[in-house]
Amino acid sequence: MAINNTPEATDALQKATTAFTVAHKNQPLHDSVRQALENYFLQLKGQVPSNLYEMVLAEVEMPLLEAVMDYTKENQSRAAILLGISRGTLRKKLKIYGMLD
């Protein structure tokens, strides 16, 4: 399955996420994601998104990995434990996002 990485889709999601992040720092993650998606749908102006599930997962996974790697001071073993995944899976994901040294 391909991720809808059109410039319009990516730009709309980033604008919605950025605007929402600034306005709602203490909001639960569930609510933040919901609001970002609602804003994304509004910005589509009737266009139908494709592969929304994969696009959202990709948008969430990278900052999750960045935050956990920062929190663990780049310790992959600790990061994998915190994430509940194997170190090999973590390394694979870090490579996908260009986050390996």
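Residues numbered from 1 in each chain as written. Predicted model: local features only at pLDDT ≥ 70, side-chain atom pairs only at ≥ 80, totals over all residues. Heavy atoms only, no water.

What follows deals with the packing of helix α3 (residues 52-71) against helix α5 (residues 87-96). Across the interface, α3 lies against α5 with an axial gap of 11 Å and an inter-helix angle of 115°. α5 is crossed by α3, and the crossing has left-handed handedness. Facing α3, whose interface residues are Glu61, Leu65 and Met69, α5 presents Leu90, Lys93 and Leu94. Of the residues contributing to the contact of α3 with α5, the split by class is four nonpolar, no polar and two charged. (Axes fitted to C-alpha atoms, helices over the stretch in contact; angles between N-to-C directions. Helix = DSSP H or I, 4+ residues; strand = E, 2+ residues; numbered from the N terminus. Left-handed = near helix turned anticlockwise from the far one by under 90°. Contact = heavy atoms within 4.5 Å. Nonpolar A, V, L, I, M, F, W, Y, C, P; charged D, E, K, R; others polar.)

Once that is clear, we can look at the nonpolar core. Counting residues in hydrophobic clusters, the biggest one holds seven residues: Leu65, Val68, Met69, Ala79, Ala80, Leu90 and Leu94. At the level of secondary structure, the elements contributing two or more residues to this core comprise α3, α4 (76-83) and α5. Considering each element in turn, this core owes the most residues, three residues, to α3. Those residues in contact with Leu65 that lie beyond four places of it in its chain are Leu83, Leu90, Lys93, Leu94, Tyr97 and Met99. (Core = buried A, V, L, I, M, F, W, Y, C linked by side-chain atoms within 4.5 Å. Buried < 20%, exposed > 50% of the residue type's maximum accessible area, 1.4 Å probe, protein only.)

Here the focus is α4. Each turn of an α-helix holds 3.6 residues, which means side chains three or four residues apart point in the same direction. Every buried residue of α4 is listed here: Gln76, Ala79 and Ala80. Viewed end-on, α4 has its buried residues packed into an arc of 100°, placing them on one side of the element. Of the exposed residues in α4, the ones pointing more than 90 degrees away from its buried face are Ile81 and Leu82. On its buried face, α4 sits against α3 and α5. N-cap assignment for α4: the residue whose side-chain oxygen lies 3.1 Å from the backbone N of Ser77 is Asn75. Just downstream of α4 lies Gly84, where phi reads positive at about 75°. (Arc of directions from axis to C-beta. Polar contact = N/O pair within 3.5 Å; in protein donor to acceptor, adjacent residues only side chain to side chain.)

A residue-level look at the chain finds 75% of positions with pLDDT of 70 or above and a mean pLDDT of 84. Looking at the elements of the chain, mean pLDDT is at its lowest for helix α1 (residues 7-23), recorded as 57, and at its highest for α4, recorded as 98. (pLDDT = per-residue confidence, 0-100.)

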